[in-house]
Amino acid sequence: MLDALMDSAYIKSLPFLWDGLKVTVGITAVGLFFGIIIGAIAGLGKLSKSRIIRAIWTVYVEVVRGTPILAQALFLYFGISEDLIGLNLDSFTAGVIAIAVNAGAYIAEIVRGAVYSIDKGQHEAGRSLGLSQKQTMRYIIWPQAFKRMIPPLGNQFVISLKDTSVFSVIAVHDLVYKAKQYYNITFEVFETLVMVCLLYLCITIPTALYLRRLERKLDV
Amino acid sequence: MISVKNLHKYFGDLEVLKGIDAEIKEQEVVCVIGPSGSGKSTFLRCLNLLEEVTSGQVTIDGEDLTDPSTDINKLRTKVGMVFQHFNLFPHKSVLENITLAPIKVKGLSQQEAKDAALSLLDKVGLADKADVYPDSLSGGQKQRVAIARALAMNPKVMLFDEPTSALDPELVGDVLQVMKDLAKEGMTMVVVTHEMGFAKEVGDRVIFMDEGIIQEEGDPEQVFDNPQNPRTQSFLSKIL
């Protein structure tokens, strides 16, 4: 009987959902790649000596963290690209940009916090040896800060992965979008959604376990 | 070697140094003592611009630190600094801690820097620790590595900011011994310290600071055994 059950609705939905999962992971990976770049720039910007640079990045971080990602995606896709500049952005690209901009703000705080957490004496020791500001950052502060950034960055990956599910509203063919498409035809709503959740967990649980191990190994 | 003229330092509205004048000659060992909050660490940190000087003049080896056109990174290579909390780089091995600046700042080759570092480690009695990480060292060993790291730049002056204050009592001796050897070799040294024994034995001169000014200075015997200033008398009576 179990065989019959597994043979039917659950398993049959998989090939269809698989396409959605690839989009979900793809958007997360590409989006986070750019998100890390934005976050590094923004995080260092928030540590800048210049008040103007600090203010600009603080506004960015606070605006993004203070608004829901669903609103951000709609704003980006319909508000800016269609309405304001009349650009026909494809929804995958819009999703990538939304994740990059959204995760960038959170990563900025991760970067800022990690750099800030390195003891001031490290910086002073570097400078007292004659290393320039840049050399001190590159050889002394960054390597230590980066180690502390790895666990929260992994955490951000899990969060961003789940965040992509709201992009079905801008017609990104992600896992949730594909699921809706599928059960609207087959009416196997329960079975399909069980599989959706399992597929998310297949990525998030191993990631979380790996991160926990990594944290112990890095001892941070 | 070091000349300080009318040095003032403010932290916001707080005046920490209220006009310091000092001359430190080549090969001289000057110990700076005083109660906490007296400004002695700030004074030391002004000597390599780890603290920005509010006003006044600091000249080291003929170069004016406060002149904006002075290449401060280059000048700092002439001034070694040893910190209370060692500030070793935890992500680098002992050897890498010592060779980093000679390679990156002075442009030494890996091999040149390594050879120099190993002989310095030998000098501070830690030749066998080259490849370990700072984490596995005791406080006294860390501080000796930190001294070797500063010496690797061949500085003309060494600044010590309470180098033994964070150490367990039984580890203090080894660090002081390294400093004594250094003094004997003729290194110019400015030492902020609470080790009165060291100041007496090794110091050529003692400076007593309180409330941001130099209250008294002179030969260690004179300052310790026959202090003139009432503040010096009260400070010494509390700690001796």
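Per chain, the residues get numbers from 1 upward, laid out in the order the sequence is written. Lettering of chains starts at A and numbering of ligands starts at 1, both following the order in which they are written. With pLDDT at 70 or above as the cut-off, local features in this predicted model cover only qualifying residues; side-chain atom pairs require 80 or more to be listed or tallied, and sums for whole chains, interfaces and linings still use all residues. Where side-chain values are given, they derive from all heavy atoms of the structure, hydrogens and water being excluded.

Student: Pulling in residues and values, what's your account of the overall build of chain A?
Tutor: When helices and strands are tallied, chain A shows eight helices and zero strands. Numbering of helices and strands runs from the N terminus; a helix is a DSSP stretch of H or I covering at least four residues, while a strand is a stretch of E covering at least two. Ordering the α and β elements of chain A from the N terminus gives α-α-α-α-α-α-α-α. Residue pairs in contact within chain A that sit at least 24 positions apart in sequence constitute 76% of those at least 6 positions apart. Of the roughly 11900 Å² of accessible surface on chain A, 67% is carried by carbon and sulfur atoms. Positive charges come from Lys and Arg alone, negative charges from Asp and Glu alone, with His and the N- and C-terminal ends not counted. For this purpose, a charge sits on NZ of Lys, CZ of Arg, CG of Asp or CD of Glu. Charge centroids of chain A, computed over 21 positive and 16 negative side chains, lie 14 Å from each other. Only heavy atoms enter the contact rule, under which two residues are in contact if any of them lie within 4.5 Å. Each accessible area is a Shrake-Rupley result for a 1.4 Å probe, and residues are judged covered by the shown protein chains and nothing else.

Student: Hey, could you go over the interface of chain A and chain B for me, with residue numbers and the actual values?
Tutor: At the junction of the two partners, chain A supplies 17 residues and chain B supplies 22 residues. Summed over both sides, the interface between chain A and chain B buries roughly 1600 Å², with carbon and sulfur atoms accounting for 60% of that surface. Buried area is a sum: the accessible area each of two parts loses on coming together, probed at 1.4 Å, counted once for each and added. When the area that chain A buries against chain B is broken down by residue, the three leading residues are Ser128, Leu129 and Tyr139 of chain A, summing to 37%. For this document, the term salt bridge refers to a Lys or Arg side-chain nitrogen within 4 Å of an Asp or Glu carboxyl oxygen. Across the contact surface, chain A and chain B share one salt bridge. Pairs of N or O atoms within 3.5 Å make up the polar contacts considered here, provided that, within protein, one atom can donate a hydrogen while the other can accept it, and that residues adjacent in sequence are counted only when both atoms are side-chain atoms. The interface formed by chain A and chain B holds seven residue pairs in polar contact (both at pLDDT 80 or more) in total. Where the side of chain A that touches chain B is concerned, the elements lending two or more residues are α5 (120-128) and α6 (133-163) of chain A. Tallying contributions element by element places α5 of chain A first for the side of chain A that touches chain B, with seven residues.

Student: Just give me the short version of the UniProt feature "domain: ABC transmembrane type-1" (unreviewed entry) in chain A, but keep the residues and values in it.
Tutor: Taking the UniProt record as the reference, the feature "domain: ABC transmembrane type-1" (unreviewed entry) is found at residues 21-211 of chain A. Across residues 21-211 of chain A one finds 83% helix and 0% strand; the C-alpha atoms that close the span lie 21 Å apart. UniProt positions are given in the numbering used here, feature names are shortened, and annotations may be inferred rather than shown by experiment.

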